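Listed here are the chains, written in short residue letters.
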Amino acid sequence: MEQKKRVFSGTRPTGRLHLGNYLGMVKGAIELQNRPDLDCLYCVVDLHGITTPYDTKTYASGIRTVVLDYLGAGLDPQKAHILVQSAVGAQHLELAYYFGTIYQVSRLEDLPTYKEKKTQHPDYVNMGLLYYPVLMAADILIYKSPLVPIGQDQEPHLEVTREIARKFNSMFGETFPEPQSFKTNAPIVPSLYGEGKMSKSKGDGIILTSSLEEIKAALAKVPTDSGKGEKFPAEGPLVNLLTFVELFEGHDRAMQYRERYKTTGIKYGELKTELAEAIYKELQPIQERRKYFEDHPQEVNQILKDGAEYARSIADETLKEVRQKMGLAR
Ligand code: TYM
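In what follows, the accompanying structure is described. (Residues numbered from 1 in each chain as written. Predicted model: local features only at pLDDT ≥ 70, side-chain atom pairs only at ≥ 80, totals over all residues. Heavy atoms only, no water.)

## Some details on the overall build of the protein chain
Part 1 of the reasoning: When you go through the protein chain residue by residue, the secondary structure sums to 13 helices and 5 strands.
Part 2 of the reasoning: Here the protein chain has a C-alpha radius of gyration of 21 Å; the compact-globule value for 330 residues is 20 Å, and the two agree.
Part 3 of the reasoning: Seen through its principal axes, the protein chain has C-alpha atoms that stretch 75 × 45 × 45 Å.
Part 4 of the reasoning: Counting across all 330 residues of the protein chain, residues that qualify as buried make up 49%.
Part 5 of the reasoning: Long-range contacts, defined here as pairs at least 24 residues apart, represent 79% of the contacts in the protein chain between residues at least 6 apart.
Part 6 of the reasoning: For the protein chain, the accessible surface area stands at approximately 15,800 Å², while carbon and sulfur atoms represent 52% of it.
Part 7 of the reasoning: Separation between the mean location of the 42 positive side-chain charges and that of the 44 negative ones in the protein chain comes to 1 Å. (Helix = DSSP H or I, 4+ residues; strand = E, 2+ residues; numbered from the N terminus. Rg over C-alpha atoms; globule rule 2.2 N^0.38 Å. Buried < 20%, exposed > 50% of the residue type's maximum accessible area, 1.4 Å probe, protein only. Contact = heavy atoms within 4.5 Å. Areas by Shrake-Rupley, 256 points an atom, 1.4 Å probe, with all protein chains shown as cover. Lys, Arg positive; Asp, Glu negative; His and termini not counted. Charge placed at Lys NZ, Arg CZ, Asp CG, Glu CD.)

## Focus on the site of the ligand
Part 1 of the reasoning: Close contacts around the ligand come from 28 residues, with Arg 12, Tyr 132, Asp 139, Asp 153 and Gln 154 the closest.
Part 2 of the reasoning: Residue Gly 20 places a main-chain N or O atom 3.3 Å away from a nitrogen atom belonging to the ligand.
Part 3 of the reasoning: In this structure, a nitrogen atom belonging to the ligand sits 2.7 Å away from a side-chain N or O atom of Asp 139.
Part 4 of the reasoning: In isolation the ligand exposes 710 Å². Once the protein is present, 98% of that is buried.
Part 5 of the reasoning: The set of elements that each furnish at least two residues to the shell around the ligand consists of strand S1 (5-11), helix H1 (19-33) and helix H7 (127-141).
Part 6 of the reasoning: The class makeup of the residues in the shell around the ligand is 13 nonpolar, 10 polar and 5 charged. (Near = heavy atom within 4 Å. Polar contact = N/O pair within 3.5 Å; in protein donor to acceptor, adjacent residues only side chain to side chain. Nonpolar A, V, L, I, M, F, W, Y, C, P; charged D, E, K, R; others polar.)

## Some details on helix H8 (residues 155-172)
Part 1 of the reasoning: Between its terminal C-alpha atoms H8 stretches 26 Å, which fits the 26 Å expected from 18 residues at 1.5 Å a residue.
Part 2 of the reasoning: Burial in H8 covers these residues: Glu 155, His 157, Leu 158, Val 160, Thr 161, Arg 162, Glu 163, Ile 164, Ala 165, Phe 168 and Asn 169.
Part 3 of the reasoning: Backbone geometry just downstream of H8 places Gly 173 in the positive-phi region, at approximately 105°. (Expected span 1.5 Å × (residues − 1).)

## A few points about the pairing of strand S3 (residues 80-84)
Part 1 of the reasoning: Within S3, 4 of the 5 residues are buried, which leaves it mostly tucked inside the rest of the structure.
Part 2 of the reasoning: Bridge count between strand S2 (residues 38-44) and S3: 5 bridges; the pairing is parallel. Following the sheet pairing, Cys 40 is matched in S3 by Ala 80. (Pairing = 2+ DSSP bridges.)

## Overview of helix H4 (residues 89-100)
Part 1 of the reasoning: Between its first and last C-alpha, H4 extends 16 Å over 12 residues, near the 16 Å set by a 1.5 Å rise per residue.
Part 2 of the reasoning: Taken together, the buried positions of H4 are Gly 89, Gln 91, His 92, Glu 94, Leu 95, Ala 96, Tyr 98 and Phe 99.
Part 3 of the reasoning: The inward-facing, buried residues of H4 contact S1, helix H2 (46-49), H7, H8 and helix H13 (297-325).

## Here's the deal with the environment of Glu 274
Part 1 of the reasoning: Residue position: Glu 274 is located in helix H12 (residues 268-294).
Part 2 of the reasoning: Sequence-wise, Glu 274 and Lys 216 are 58 residues apart; in three dimensions their C-alpha atoms are separated by 9.5 Å.
Part 3 of the reasoning: With residues up to four places along the chain from it excluded, the contact list for Glu 274 reads Glu 249, Arg 253 and Tyr 257.
Part 4 of the reasoning: In this structure the side chain of Glu 274 is engaged in a polar contact, spanning 3.4 Å, whose partner is the side chain of Tyr 257.

## As for the nonpolar core
Part 1 of the reasoning: Among the nonpolar cores identified, the biggest contains 62 residues, and Leu 19, Tyr 42, Tyr 70 and Ile 206 are the most heavily contacted of them.
Part 2 of the reasoning: Residue contributions to this core peak at 9 residues, all from H12.
Part 3 of the reasoning: Each of domain 1 (5-187 + 296-325) and domain 2 (209-290) accounts for three or more of the residues forming this core.
Part 4 of the reasoning: Ranked by size, the runner-up nonpolar core spans 41 residues in total, among them Leu 111, Leu 135, Ala 165 and Phe 176. (Core = buried A, V, L, I, M, F, W, Y, C linked by side-chain atoms within 4.5 Å. Domains from an automatic or database assignment.)

Laid out in structure tokens, this is it:
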């Protein structure tokens, strides 16, 4: 039987999953797990999460939170393998080290995420942070995954992964695929408040476990205008608001609002209530599923154990091949 193509993706346990994670990555991961020709591994990348400041006392529960968010959102242990990265840490880190020996430091220093994190945490510029994309390449390539569901912000990292695969293949013989990203219809979910993308650090306020009241409160804070004018603004919070309308209520509804802006005017109070209800309608079943898993911790432990065992068996195989190709005696 031909080996199914593998899919790998991960999320850092640096906070609860928000709508950006859900629409930009998780929905793509769900689409791929439903394809019978693919073998999917979805991971909580705890080794990546410790490259920025974190709290040792709450980190383990943060990992668990993302696992529950994953399961609630619909990553399905019947269809995909779900694991925590450190359970296969020895393997991922070993491969990352080998990759580190064939990749230039200068290229890593140039990456936008590295520069961003350096500015964000000037007192926490560590080796792990620089090495971050190399470990990410190892995460993906240890399973020889050609397909990676990610949001747009991860694209530079995937480019590094391809460069590493190419370099390794040219130095030691054809071993790794050059992975491509798999994008949803929302590869850059904007911040609700109009600046950049939605992110955990900006605390945009809508997470997968948000109640209807919390969603309403988050939307209430989005600044609006009079609701009427000759031309709908080209950028800013109003455009983003309509992006969310489009994502949760459909293209036609968003177009109607655009039209209304130029004619009768938009009543933002009504728009926001309707949007909040549409978002909540999508989150409610997620929250119910999440609650089920929260109430069945043994089941979750077993899912993670199975996921790690499966991952380890593939990772060990790849490492064997890599060591041999690199001339390491083992
Ligand atoms: P992380 O934890 O920052 O985010 C997890 C996933 O969510 C996507 N995402 C978004 N997509 C669209 N719009 C947004 N506003 C938005 N915010 C977040 C991210 O693109 C990502 O896909 N480096 C990775 C974790 C990682 C990984 C990997 C991913 C480590 N190893 C191997 C794939 C494969 C990260 O920090 O994602």
